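# Working through the structure, step by step
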Amino acid sequence: MADNKTEFSRREFLTSSAVALGAAGMFLIDSGRALGRQAPTKKQRIALVGTGGRGSSLWGKDLIKNYGDVLEMVGLCDINPIRLEYAKKYMGATCPTFTEFEPMIKDTQPDTVIVTTVDCFHAKYIGLAMQAGCRPVTEKPMCTDEKMVQEILDTERRTGKKLLVTFNYRYGPDATRIKEILMSREIGDVTSVDFHWYLDIYHGASYFRRWHAFKQNSGSLLVHKATHHFDLMNWWLAAEPVEVNAYGELRKYGYNGLIRGERCMNCPHKAACEFFWDITRDEQAMNLYVKAESADGYIRDSCIFREKINIWDTMNVQVEYHNRVTMSYSLNAFMPYEGFTIGFNGTNGRLDVRVYHNQPWKVENFAEFRITQNFKSTKTFALPSGGEGHWGADQVMQDQIFRKTEPDPLGRPSGSREGALSALVGIAARHSIEQGRPIKIDELVKI
Ligand SMILES: NC(=O)c1ccc[n+]([C@@H]2O[C@H](COP(=O)([O-])OP(=O)(O)OC[C@H]3O[C@@H](n4cnc5c(N)ncnc54)[C@H](O)[C@@H]3O)[C@@H](O)[C@H]2O)c1
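Residues numbered from 1 in each chain as written. Predicted model: local features only at pLDDT ≥ 70, side-chain atom pairs only at ≥ 80, totals over all residues. Heavy atoms only, no water.

Further remarks concern the pairing of strand β13 (residues 367-373). Sheet topology places strand β12 (residues 349-358) next to β13; 7 bridges connect them, and they run antiparallel. Residue pairing in the sheet places R350 in a bridge with T372 of β13. Note that β13 and strand β14 (residues 378-383) share 6 bridges and pair antiparallel. Residue F369 lies in a different strand from β14, and its bridge partner there is F381. If you look at the hairpin formed by β13 and β14, you'll find 4 residues sitting between the two strands, and F375 has a positive phi there, around 65 degrees. (Pairing = 2+ DSSP bridges. Helix = DSSP H or I, 4+ residues; strand = E, 2+ residues; numbered from the N terminus.)

Right under this line is the structure:
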């Protein structure tokens with residue numbers, strides 16, 4: 001439970017962070033200026049660091065295609081020069097490319113820097129961008145440990161440059177609807193939440209093939225992946241996490257495998273391994289990663305049974321929030337189907353939601369809702385999928401960032417406060433598993 005010390009620190013944190021980071025409304029107005037909404041004749045200058053999958057697609061190709069009237073890509077940076085050149089072509093960009101960040105900033109003088117590197121480098125580039133007088137926009141997670149959180153908050157306060165963290169999951173039709181229902185108070189005050197997320201044997205396994213398989217890169221799936229979920233919960237509940245207790249195990253991948261190789265492409269167990277993935281049949285993966293291997297040695301189809309993998313695939317987390325709500329959360333990464341179930345228990349009823357992302361069988365609806373008020377009947381409804389790009393979320397979010405000027409009634413734009421509070425739940429969970437004790441958020445970051 002929150003003690004007085006925690007409560008005091010939390011208030012201090014909120015007050016300081018509100019000043020340092022700005023409220024969501026202020027953020028929108030500010031981002032409107034920074035991203036050129038009020039000066040349509042002058043295109044915003046965008047530089048991007050990290051030209052891998054996400055950087056070259058959503059924040060590269062899509063940006064240039066859909067927002068070319070309001071922005072201009074002026075520089076691209078990645079440590080892998082082969083991937084960088086392929087990505088530039090794939091995006092249809094015409095700007096210069098750089099294998100170092102500082103020369104890119106100096107030569108191209110961007111207004112905005114988009115950070116889409118491996119997670120553990122986000123903090124470095126966010127900091128450098130702010131110090132250079134640019135507005136940073138980062139992919140989730142904001143960063144991977146508490147020291148980085150503190151550095152970002154301090155640099156933001158010092159430079160006055162506001163960070164945008166692109167929590168696209170907030171913009172999905174399911175997440176938005178849940179927020180609306182909770183805001184309507186149909187089920188009263190939320191007192192506790194059951195939240196269970198399932199990654200399947202394709203998507204879940206993919207994290208164990210890539211750089212994500214190591215805590216030092218991704219902070220573990222509790223940070224890399226669950227930052228989405230912890231952010232959704234902070235936002236849905238309009239609450240701040242206070243204390244985290246967690247359990248984690250590696251039960252399927254890594255050292256659990258009975259057969260293993262170095263990578264799928266040359267594996268002697270291709271025929272026997274049910275997780276065999278033929279990267280040669282994925283043209284984009286061949287161009288982005290396999291053809292660029294000689295520059296950095298990064299293997300995109302590494303064996304999911306490598307013995308040195310150090311992230312968990314089976315995770316349980318309990319979180320206590322400042323308003324006495326508690327959450328039981330789980331993340332499992334080798335399920336036969338993908339999606340999530342969630343139950344909000346309220347003083348006047350319960351909201352149940354089941355969301356299907358990727359099922360081996362035909363599913364009529366993307367999300368099924370049930371709202372049941374105490375002593376009353378239950379009502380159900382369903383939502384169809386929102387479409388491409390994380391169920392339509394990516395496009396809605398980018399439109400809001402680059403085109404809309406009116407404040408968002410749902411408060412979806414996220415700054416470093418939101419980035420910090422969601423990453424910190426995962427970071428605290430990691431420490432909790434490693435140290436075998438509950439961790440208070442204010443043990444990690446002092447404002
Ligand atoms: N919001 C979402 O739904 C979503 C989806 C996918 C990825 N992402 C995020 O996007 C980011 C990139 O993921 P990805 O799937 O594109 O990975 P990726 O491996 O395809 O790309 C990462 C890129 O970063 C580059 N890089 C690594 N270290 C670097 C450094 N020190 N300096 C500069 N560049 C460096 C790599 O060479 C690579 O090109 C991650 O932070 C991830 O969490 C978010």
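Moving on, we come to empty space enclosed by the protein. Unfilled space is identified by rolling a water-sized probe across the atoms. In total, this model carries 5 cavities of 30 Å³ or more according to the counting rule given. The space that makes up the largest cavity amounts to roughly 100 Å³. Around the largest cavity, the lining is made up of 15 residues, and of these C264, C267, C273, C303 and F305 lie nearest the centre. Its residues assigned to classes, the lining of the largest cavity shows 9 nonpolar, 3 polar and 3 charged. (1 Å grid on protein atoms, 1.4 Å probe; cavity = no way out; pocket = protein on both sides within 12 Å on 5 of 7 lines; lining within 4 Å. Points joined across faces, edges and corners; volume = space filled by probe spheres on them. Nonpolar A, V, L, I, M, F, W, Y, C, P; charged D, E, K, R; others polar.)

Now for the environment of R437. In this structure, R437 sits in the loop between α17 (416-435) and β15 (439-440). Distance in space between the C-alpha atoms of R437 and I187 is 33 Å, their sequence separation being 250 residues. Only 2.9 Å separates the side chain of R437 from the side chain of E443, close enough to count as a polar contact. (Polar contact = N/O pair within 3.5 Å; in protein donor to acceptor, adjacent residues only side chain to side chain.)

Pairing is mixed in the open sheet, where 9 strands are placed in the order β14-β13-β12-β11-β7-β10-β9-β8-β15. Each edge of the sheet is formed by a strand with only one pairing partner; in this case those strands are β14 and β15. As paired strands, strand β8 (residues 241-249) and strand β9 (residues 314-321) are joined by 8 bridges and run antiparallel to one another. From the neighbouring strand, N245 faces β9, where its bridge partner is Q318. Docked against the sheet, α17 engages β8, β9 and β15, running at close to 50 degrees with respect to β8. (Contact = heavy atoms within 4.5 Å. Axes fitted to C-alpha atoms, helices over the stretch in contact; angles between N-to-C directions.)

The accessible area lost on association of the parts is a frequent measure of interface size. Per the domain assignment, the segments making up the chain are domain 1 (4-168), domain 2 (170-254 + 310-386 + 394-444) and domain 3 (262-296). Facing 10 residues of domain 1, the contacting portion of domain 3 comprises 9 residues. When residues of domain 1 are sorted by the area they lose upon contact with domain 3, I82, R83 and Y86 head the list and together hold 62% of the total. Linking domain 1 with domain 3 are 1 salt bridge. Linking D296 and R83 is a salt bridge whose minimum nitrogen-to-oxygen distance equals 3.1 Å. Inspection of the region where domain 1 meets domain 3 yields 6 residue pairs in polar contact (both at pLDDT 80 or more). Looking at the side of domain 1 that touches domain 3, the elements that each hand over two or more residues are α3 (53-67) and α4 (81-91). Here the side of domain 1 that touches domain 3 takes 5 residues from α4, the largest share from any one element. (Domains from an automatic or database assignment. Buried area = accessible area lost by both parts, 1.4 Å probe. Salt bridge = Lys/Arg side-chain N within 4 Å of Asp/Glu carboxyl O.)

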